[in-house]
Amino acid sequence: MFNVQMSWTNMELLPLVCLCLLTWSGTTFADGNETEIIRVSAGSDVTLPCSVKEDVEQKRFEWMKDGLKEVFLFDRAPQPRQDPEFARRVSYFQEELRNGNASITIRDTKMADSGNYTCDFPGRQTSHIQLVVGAAVNPSVITLRVTQDWAALQCVVRGASPQTEVEWQDGSGHNLTAQLQVFDRDGRYDIILQTTVTKTDIYRCVATQKEISHQTHAWTYVFICGRHSGLVAGVAVGAVLGTLVVVGVVLAVLRARGYRCIKGSRSNTF
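Residues numbered from 1 in each chain as written. Predicted model: local features only at pLDDT ≥ 70, side-chain atom pairs only at ≥ 80, totals over all residues. Heavy atoms only, no water.

A. Local environment of the state of the cysteines. Applying the stated criterion across every chain, the model contains 2 disulfides. A disulfide bridge connects C50 with C119, and the sulfur atoms are separated by 2.1 Å. Between C50 and C119 the sulfur-sulfur dihedral comes to about -70°; the bridge is accordingly left-handed. Of this pair, C50 sits in the loop between β2 (46-48) and β3 (60-65) while C119 sits in strand β7 (residues 115-121), and the two are 69 residues apart along the sequence. A relative accessible area of 3% means that C50 is categorised as buried. The exposure class assigned to C119 is buried, which follows from its relative accessible area of 0%. Covalent S-S linkage joins C155 and C205, the inter-sulfur distance amounting to 1.9 Å. Between C155 and C205, the S-S torsion sits near -70°, and that sign places the bridge as left-handed. Note that C155 is positioned in strand β10 (residues 151-160) and C205 in strand β14 (residues 201-209), a separation of 50 residues in sequence. Each member of the pair, C155 together with C205, is buried. If the cysteines joined by disulfides in the protein chain are listed in sequence order, their pairing comes out as 1-2, 3-4. (Disulfide = S-S within 2.5 Å. Helix = DSSP H or I, 4+ residues; strand = E, 2+ residues; numbered from the N terminus. Buried < 20%, exposed > 50% of the residue type's maximum accessible area, 1.4 Å probe, protein only.)

This is how it looks when you write it as structure tokens:
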């Protein structure tokens with residue numbers, strides 16, 4: 001009988017325990033423990049978001065990078081304590097503090113700014129952001145060799161980060177078969193892509209950095225002489241043959257009418 005009563009008691013407490021667990025889980029999620037990933041190109045400005053549902057003009061909050069570097073400290077006013085790496089590059093939204101906006105903007109981002117950032121309201125809420133700063137690249141193209149029938153093209157991308165997808169395309173946007181070489185320079189990549197083309201066209205080298213939503217290209221125009229020499233020769237031969245036919249027809253008509261060519265002179269016989 002004692003065991004039965006205990007079982008009923010446990011069953012009655014079970015919904016209450018579940019409700020407490022759900023409430024605790026919901027609070028954890030709302031506290032912003034999930035990491036948000038932001039990707040930008042080096043040299044651009046980036047805003048790192050952080051907010052609470054109350055006025056923070058008289059509150060304290062702190063931005064840190066990798067748990068070590070002081071990015072921005074606010075305690076009823078901006079505080080001078082800041083890592084030299086971020087000096088004069090960080091701003092906040094003063095007019096938005098009353099709305100709970102504790103976001104900051106980092107100007108002129110650098111590769112070294114990549115890392116994990118936290119916005120902390122002591123004892124209350126911490127937001128986590130992963131910032132990825134990539135080096136936006138500009139490909140350069142050169143023609144290695146040109147013959148009457150083909151041309152060898154080369155595209156070079158230097159200092160790419162994160163690693164970049166590079167492709168050769170023809171004027172219609174079709175990808176071409178190419179030979180790829182990649183050199184890792186401490187996390188920054190030099191990329192060389194070579195291809196051989198056999199027709200006159202515009203060719204583009206396209207560099208795509210999906211992680212920072214950046215794409216650019218360089219192009220070159222290639223004229224393959226051999227592809228046109230046969231056509232030119234055919235037109236010339238056709239013109240000559242056409243002229244001979246016309247001359248033959250004219251001579252036949254003149255002979256029929258009694259005209260004769262003698263030593264470059266023309267005599268008429270009646």
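Further notes follow.
B. Molecular detail of the sheet that holds strand β12 (residues 179-185). Strands sit in the order β9-β10-β13-β12 across an open sheet of 4 strands; the sheet is antiparallel. On the outer flanks of this sheet lie β9 (140-146) and β12, each paired with one strand and no other. Shown here is a sheet whose adjacent strand axes are inclined to one another by a mean of 15°, direction ignored. Here β12 pairs with strand β13 (residues 188-197) via 7 bridges, running antiparallel. If you follow D184 over to β13, its bridge partner there is Y189. (Pairing = 2+ DSSP bridges. Axes fitted to C-alpha atoms, helices over the stretch in contact; angles between N-to-C directions.)

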